[in-house]
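If you want the building blocks of each chain, they are given just below.
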Amino acid sequence: MNNTQTLNWQTFKETLQQNPELSLQFQYAEDRWVDQSYHITEIKSAPITSVDCGGKMNAWTEIIVQLYEPAQKETDRAMKAAKALSIIDLVERSLPLNPLAIVKIEFGNSAFDTRQMLPGNIRVEGDSLIVDLRPDEVQCKAIGRGGSCGPAKDEKPKIRLTNLAVAEVCTPGSGCC
């Protein structure tokens, strides 16, 4: 996970705490918004452990906030940041959330396949706290460390191939065996 462009849970939560009376809205593409009647359906803590193509073990945690957009509009106003914080408080009573974990927002609807996105810019606009969502990117951690994809060249075994078709055949009593 490339942590240089991600938002951690503590910063995300502090932003909500600083703006409790603002409506919390999510923009997932240019001029495309999560409907204001969305629900926060669950908050997941996902510890990730992986081994990359260079053989190095990696570990990090993601906090995934899942948004559900009902088929029928239930309200014409997005939930306030205070309401989101009350859901977070409820979750954190049962599930401790790592303050340094990477935040992802999971969302999808009939016109947008469900995916996990990263909160990009968070800004105040009028009476709204707007979270711009951007896609996560696939990266090669080995290349990101300055290495190369796959094991280092000196780690590859060298094999000498010979033409076995012309090799001498060992026969009993010849002393070759």
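Residues numbered from 1 in each chain as written. Predicted model: local features only at pLDDT ≥ 70, side-chain atom pairs only at ≥ 80, totals over all residues. Heavy atoms only, no water.

Comments concerning helix α2 (residues 81–94)
Then, in step 1: Spanning 14 residues, α2 covers 21 Å between terminal C-alpha atoms, matching the ideal 20 Å at 1.5 Å per step.
Then, in step 2: When α2 is considered as a whole, its buried residues turn out to be Ala81, Ala84, Leu85, Ile87, Ile88 and Val91. Buried residues of α2, seen end-on, are gathered within an arc of 160° and therefore sit on one face of the element. What points out from α2, more than 90 degrees from its buried face, is the exposed set Leu90, Arg93 and Ser94.
Then, in step 3: For α2, the secondary structure elements touched by its buried residues are α1 (9–18), β1 (23–29) and β3 (39–51). (Helix = DSSP H or I, 4+ residues; strand = E, 2+ residues; numbered from the N terminus. Expected span 1.5 Å × (residues − 1). Buried < 20%, exposed > 50% of the residue type's maximum accessible area, 1.4 Å probe, protein only. Arc of directions from axis to C-beta. Contact = heavy atoms within 4.5 Å.)

Concerning the pairing of β1
Then, in step 1: With respect to burial, β1 is a largely interior element, six of its seven residues being buried.
Then, in step 2: As paired elements, β1 and strand β2 (residues 32–33) share two bridges and run antiparallel to each other. Along β2, the bridge assignment pairs Gln27 with Trp33.
Then, in step 3: Once β1 ends, the chain turns through two residues before running back antiparallel as β2, passing Asp31 with a positive phi of about 60°. (Pairing = 2+ DSSP bridges.)

Here we look at α1
Then, in step 1: Of all the positions in α1, only Trp9, Phe12, Thr15 and Leu16 are classed as buried. Along the long axis of α1, the arc covered by the buried residues comes to 130°, so they all point the same way.
Then, in step 2: Two to three positions downstream of the cap, the backbone nitrogen of Gln10 sits 3.2 Å from a side-chain oxygen, assigning the N-cap of α1 to Asn8. (Polar contact = N/O pair within 3.5 Å; in protein donor to acceptor, adjacent residues only side chain to side chain.)

Quick look at the packing of aromatic side chains
Then, in step 1: Applying the stated rule across the entire model yields five aromatic pairs.
Then, in step 2: Geometrically, the ring pair formed by Tyr28 and Phe112 is tilted, given 4.4 Å between the ring centres and 45° between the ring planes. Note that Tyr28 is positioned in strand β1 and Phe112 in strand β6 (residues 112–125), a separation of 84 residues in sequence. Taken individually, Tyr28 and Phe112 each receive the classification buried, so the pair is uniform in this respect.
Then, in step 3: Sitting over the ring of Phe112, Arg115 keeps its end group 4.0 Å from the ring centre. (Phe/Tyr/Trp six-rings, centres within 6.5 Å; stacked < 30°, edge-to-face > 60°. Lys NZ or Arg CZ within 6 Å of the ring centre and 35° of its normal.)

Focus on the side chain of Gln27
Then, in step 1: You can see Gln27 is positioned in strand β1.
Then, in step 2: A relative accessible area of 11% means that Gln27 is categorised as buried.
Then, in step 3: A distance of 3.2 Å separates a polar side-chain atom of Gln27 from the backbone oxygen of Ala29.
Then, in step 4: Contact partners of Gln27, with chain neighbours within four places excluded, come to Arg32, Trp33, Arg123, Val131, Asp132 and Leu133.

Remarks on the packing of α1 against α2
Then, in step 1: Here α1 crosses α2 at 135°, and the two axes come no closer than 9 Å. On the basis of their axis angle, the class for α1 and α2 is oblique. Viewed along their axes, α1 and α2 form a crossing whose handedness is left-handed. In this structure, α1 contributes Trp9, Lys13, Leu16 and Gln17 to the contact, and α2 contributes Ala81, Ala84, Leu85, Ile88 and Glu92.
Then, in step 2: Looking at the contact of α1 with α2 residue by residue, the class counts come to six nonpolar, one polar and two charged. (Axes fitted to C-alpha atoms, helices over the stretch in contact; angles between N-to-C directions. Parallel < 35°, antiparallel > 145°, perpendicular 65-115°, else oblique. Left-handed = near helix turned anticlockwise from the far one by under 90°. Nonpolar A, V, L, I, M, F, W, Y, C, P; charged D, E, K, R; others polar.)

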